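Secondary and tertiary structure notes
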Amino acid sequence: MRGALLHAVGDDKLDIRDDFTLTPTGPTDVRVKIKATGVCHSDLSVISGVLPMPLPVLPGHEGAGEVVEVGDHVTTVQPGDHVIINWAPACGTCANCLVNQPFLCMTYIMDSFVNARFRYGGDTPAFGMSGCGTWSEEIIVPWQGAIKIDPEVPYEAAALIGCGVTTGVGAALNTARVRAGSTVAVVGCGGIGLSVIQGARISGATTILAIDPLESKHALAKKVGATHAITPDQLMDALGSLTGGRGFDYGFEAVGKSAAIMTAWQATRRGGDVIVVGAGAMDDTVPLSAFNLLFEGKNIFSSMYGGSDVRRDFPFFAELYKAGKLDLESMISARIKLADLNDAVAALRAGEVLRQVVVMD
């Protein structure tokens, strides 16, 4: 089967080849034929080494497809079901799962660093990003990693729900629990930021400010729910005109940079909530003083995978899409083929696109 392989961090090109095989499907595993998969900034972070993964690795974690085989002990899905890939499967028994934080479960993510599901060039092992590797025609995941959804939802839309939408909309609905009538600022208008904006709109926020240095992104931000859009240098004027200088009730960071976190902090009122959504680097330190942390009274929240229980939220977001409440079509900037992934990665690195989706043959 075909797939895209990263041999070493920093490689200029992915190795797109057609000789991949999979290890046998275990008794609690599900084999999925990938129908659509997103090209996400987290994939780029794996290629650049910002997000460490075992090598060689097949990137891709935002995907949807059709079940083709299940293990003997699997009862949640069956061949023919449409599923969204969950890149952070919850084991159900660890300390985080037991306190209803399945999005923090590391059991299967840690297993993905030692369990190489792919083979190429005969019998050379290769890993899947976060145990997935959706930049391939088929993958094997634990049964918790394949969540059944309504087959009426197109695979391209379903793929976006697998990461970007759940991360962003979930940050607004689950982590921040944005209140109706509140004010929201969102730093970064990529796929995650646009999803946060939609989550804030769905929650009933009355003022939603999109902040991005690229003015070309402002129109789409407004299309999906932002009431205003500015560049970061315009923030002080926006604070005065939109909040009377008080600041926003919620400030979301959707970039994964300390500078963006500080912009969200600056945008948020005293006593408001700052929500960190972007995946940043381990050596990128946020310069907050102990004085500010105490006396400004702001709350900082980490929103890992949108604070979601995907068993509940994947189908819920799919229903929001079907009801016209989530605009996912506008977030797809291009539909491409697997053979075009090197060009897609280059375009993503250059900041030229929003969310490209690989549509499998």
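Residues numbered from 1 in each chain as written. Predicted model: local features only at pLDDT ≥ 70, side-chain atom pairs only at ≥ 80, totals over all residues. Heavy atoms only, no water.

Under the convention used in this document: UniProt positions are given in the numbering used here, feature names are shortened, and annotations may be inferred rather than shown by experiment.
Labelled according to an unreviewed UniProt entry, the protein chain appears under the name S-(Hydroxymethyl)glutathione dehydrogenase/alcohol dehydrogenase, originating from Streptosporangium brasiliense. Looking at the protein chain in UniProt, the text filed under Sequence similarities (unreviewed entry) is "Belongs to the zinc-containing alcohol dehydrogenase family." The Cofactor (unreviewed entry) field of the UniProt record for the protein chain holds the comment "Zn(2+)".

Focus: the layout of surface pockets
The cut-off we apply is this: A cavity here means a set of 1 Å grid points, computed over protein atoms only, where a 1.4 Å probe fits but cannot escape. A pocket is an open set with protein on both sides within 12 Å along at least 5 of 7 lines, and lining residues have an atom within 4 Å of a point. Grid points are joined across faces, edges and corners, and a volume is the space filled by probe spheres set on the points. Polar here means any residue outside two lists: the nonpolar Ala, Val, Leu, Ile, Met, Phe, Trp, Tyr, Cys and Pro, and the charged Asp, Glu, Lys and Arg; Gly therefore counts as polar.
What the second largest pocket holds in volume is close to 360 Å³. What lines the second largest pocket is a set of 23 residues, and nearest its centre among them are Trp-143, Gln-144, Ile-147, Asp-309 and Arg-311. A per-class count over the lining of the second largest pocket returns 14 nonpolar, six polar and three charged.

Brief notes about the packing of helix α4 (residues 155-176) against helix α10 (residues 310-322)
Which entries qualify depends on this criterion: Interaxial angles span 0 to 180 degrees and are taken between N-to-C directions of axes, which are lines fitted to C-alpha atoms, for helices over the stretch in contact. Secondary structure is summarised from DSSP: a helix means a run of H or I of at least four residues, a strand means a run of E of at least two, and numbering begins at the N terminus for each. Should an angle fall under 35 degrees it is called roughly parallel, over 145 degrees roughly antiparallel, and 65 to 115 degrees roughly perpendicular, with every other angle called oblique. The contact criterion used throughout is that any non-hydrogen atoms of two residues lie within 4.5 Å.
Closest axis-to-axis distance for the α4/α10 pair is 9 Å, and the angle between their directions is 100°. The angle between the axes of α4 and α10 places the two elements in the roughly perpendicular class. Contacts from Ala-157, Ile-161, Gly-162, Val-165, Thr-166, Val-169, Gly-170, Leu-173 and Asn-174 in α4 reach Arg-312, Asp-313, Phe-314, Phe-316, Phe-317, Ala-318 and Tyr-321 in α10. Of the residues contributing to the contact of α4 with α10, the split by class is 10 nonpolar, four polar and two charged.

A short note on the pairing of strand β13 (residues 207-211)
Short version of the rule: Only protein chains enter the area calculation, which uses a 1.4 Å probe; residues under 20% of their type maximum are buried, those over 50% are exposed, and those in between are partly exposed. Paired strands are those between which DSSP finds at least two bridges. Here the term right-handed applies to a crossover when the path leading from its first strand over the helix to its second strand runs clockwise, the strands being oriented away from the viewer.
Burial analysis of β13 places five of its five residues in the buried class, the great majority of the element. Alternating residues of β13 divide into Thr-207, Leu-209 and Ile-211 and Ile-208 and Ala-210, and every residue in both groups is buried. The sheet contact formed by strand β12 (residues 183-187) and β13 spans five bridges and is parallel. What sits directly across from Ala-185, in β13, is Leu-209. What joins β12 to β13 is helix α5 (residues 191-203), and the crossover it makes is right-handed. Of the pairings in the sheet, the one linking β13 to strand β14 (residues 228-230) comprises three bridges and is parallel in character. If you follow Leu-209 over to β14, its bridge partner there is His-228. Taken together, β13, helix α6 (residues 218-224) and β14 form a β-α-β motif whose crossover is right-handed.

What to know about the nonpolar core
Counted only if it meets this: Remark: nonpolar core denotes a set of buried residues (Ala, Val, Leu, Ile, Met, Phe, Trp, Tyr, Cys) joined through side-chain atoms within 4.5 Å.
Ranked by internal contacts, the top residues of the largest apolar core, which has 98 residues, are Val-165, Ile-197, Phe-252 and Leu-328. Once residues within four sequence positions are removed from consideration, Val-165 is found in contact with Leu-160, Gly-170, Ser-195, Phe-317, Leu-326, Leu-328 and Met-331. Grouped together as the second largest cluster of nonpolar side chains are 14 residues, Ile-211, Ala-238, Ala-260 and Trp-265 included.

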